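Spelled out from the first residue to the last, the chains are:
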Amino acid sequence: MNLLKTTFYDEFACIGAECPLTCCGGWKIEMEEKTLKDYRMMGGEIGRFARKGVTYNSDLQSYIVRLRDTDGTCPMLDEDQLCKIVPNKGNKKLCRTCATFPRETVRSYDTDEKYIFLGCPKAAQLLFEVSGKITFMFERDPDLDMEDIPIYNHVMKINLTVRGEITDFIQKSELPLWFREFYGAYTIEKMSSQIAEQDFEAVEEKLEHFFKPSFYQAMYQGIKNTKVNREQQFQSLCGTVNAFEKFILGSMFSDKSGTSDKILQLLHLNRTCTFDEWNHAREEWTAQENEQQWENMLVYNWMRSAFTPKKNRKLLKNYLACILCNLVAAHLLILYSMKHEADAEIRNVIVAFVVRRFLHGNEEIMKIMQLGMDEGVLSPTFLIYLCNLWG
């Protein structure tokens, strides 16, 4: 297969005990049957864990680790935040999920795309350390046998074509980021019927129309002076976080870095702070933040998540989930900066926390997003007001 990966993919290394947001708790940890059988044959704590601490989930059709009731983490996580299996049996005995996470491979026709999931703080750090625009490296496989590749159907052609055009547009820095964020959603929505009908020729015509500089420049000129209602923006962002709070709380776990306590404090502050407090903090935070890094975050998440094969997930929902990652992470960081100095470490943690919630296949979150779309709160037009934090 051909290979596509980011420039920092090979730089990743797990920081283990030093991680401020362990991946060993707060969500479902899948385990393949072969590894489970191996564990059950072992004696001692690992064998007991495999027999009593892993259950079968019929919805996922996979075995799932039963997290500890006391702190919401894997029973094999020790007090130093390291896996007990490794010193006893070595890295090769880890289940597939634990051995590979946060590394991911997305198959797109004839290419294996390699990503480091931003739900890991170290991955977020590597992304935010990128100087300038994020780029992807492509390596062609000279021995690729196209007879082994599935038929290049209209669904894949549409997904790849739309993803590519939107990605290129998001990186047009001569336009403000809020407009690029809005326009991506606008174009996908306007093509929704053609995408649903798998009409590739019609989608191509729409893309050619929407991405003519004369067309999008005219639209930008028409709305660029739209005054942002900051108080409405504040209320919408607070309401968005409140809407998802139930699922955020449901995935909390204790950790030695106190990250969960910080998130709980931010959720409380989200309900109690005033507009004037938030807006003052927003002005100071945006003055210090590099908007280019947030563009990179959107591009990276969109490339990874555009056609994630989850049921009831379409291009528009996946795009909006990426937008929400940017908005909610920025909003929580603004709230954090009201009480503390928001340094790079807390930024990486909050970005990772938010990405885990919105881009890890949580269908309940997708239902809330659909409700927001139905009520117009997450409509492309409303993004004009919601996204403009820097303006």
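Attention in this report is confined to the structure presented alongside it. What you see is a predicted model; the values in this text were computed from it and never measured.

### As for the pairing of strand β3 (residues 54–57)
Pairing of β3 with strand β4 (residues 62–65), which is carried by four bridges, proceeds in the antiparallel orientation. Looking at β4, one finds that Tyr 56 is bridged to Tyr 63. Hairpin remark: β3 followed by β4, antiparallel, with four residues in the connecting loop; positive phi at Gln 61, about 55°.

### So, the side chain of Ser 305
Position of Ser 305 among the secondary structure elements: in helix α14 (residues 291–305). Excluding residues that lie within four positions of it along the chain, Ser 305 makes contacts with Asn 318, Cys 322 and Leu 359.

### Details of helix α9 (residues 200–210)
Residues Phe 200, Ala 202, Val 203, Leu 207 and Phe 210 constitute the buried set of α9. All buried residues of α9 lie within an arc of 160° about the axis, which places them on one face of the element. For α9, exposure combined with an orientation more than 90 degrees from the buried face picks out Glu 205 and Glu 208. Buried residues along α9 sit against α6 (154–170), α7 (177–190), α8 (192–196) and α10 (213–223).

### Digging into a positive patch on the surface
A surface patch of like charges, here positive, comprises Arg 40, Arg 48, Arg 51 and Lys 52. With respect to the helices and strands, Arg 48 occurs in helix α2 (residues 44–52). Given the relative accessible area of 49%, Arg 48 is considered partly exposed.

### Some thoughts on helix α16 (residues 344–358)
The end-to-end C-alpha separation of α16 is 21 Å, in line with the 21 Å expected for 15 residues at 1.5 Å each. Across the 15 residues that make up α16, a large majority, 13, are buried.

### With respect to unusual backbone geometry
Cis geometry marks the peptide bond from Phe 101 to Pro 102, where omega comes out at 5°. Summarising the element assignment, Pro 102 is placed in the loop between α4 (96–100) and β5 (103–108). Unusually for a residue other than glycine, Gln 81 sits at a positive phi of about 70°. Position of Gln 81 among the secondary structure elements: in the loop between β4 and α3 (85–89). On the accessibility criterion, Gln 81 (8% relative accessible area) is buried. Backbone geometry at Gln 198 places phi at a positive 55°, although glycine is not the residue there.

Reading the values: rules and limits
- Residues numbered from 1 in each chain as written.
- Predicted model: local features only at pLDDT ≥ 70, side-chain atom pairs only at ≥ 80, totals over all residues.
- Heavy atoms only, no water.
- Pairing = 2+ DSSP bridges.
- Helix = DSSP H or I, 4+ residues; strand = E, 2+ residues; numbered from the N terminus.
- Contact = heavy atoms within 4.5 Å.
- Buried < 20%, exposed > 50% of the residue type's maximum accessible area, 1.4 Å probe, protein only.
- Arc of directions from axis to C-beta.
- Patch = residues over 30% accessible without salt bridge, like charges linked within 9 Å, V, L, I, M, F, W, Y side chains within 5 Å.
- Areas by Shrake-Rupley, 256 points an atom, 1.4 Å probe, with all protein chains shown as cover.
- Salt bridge = Lys/Arg side-chain N within 4 Å of Asp/Glu carboxyl O.
- Lys, Arg positive; Asp, Glu negative; His and termini not counted.
- Charge placed at Lys NZ, Arg CZ, Asp CG, Glu CD.
- Expected span 1.5 Å × (residues − 1).

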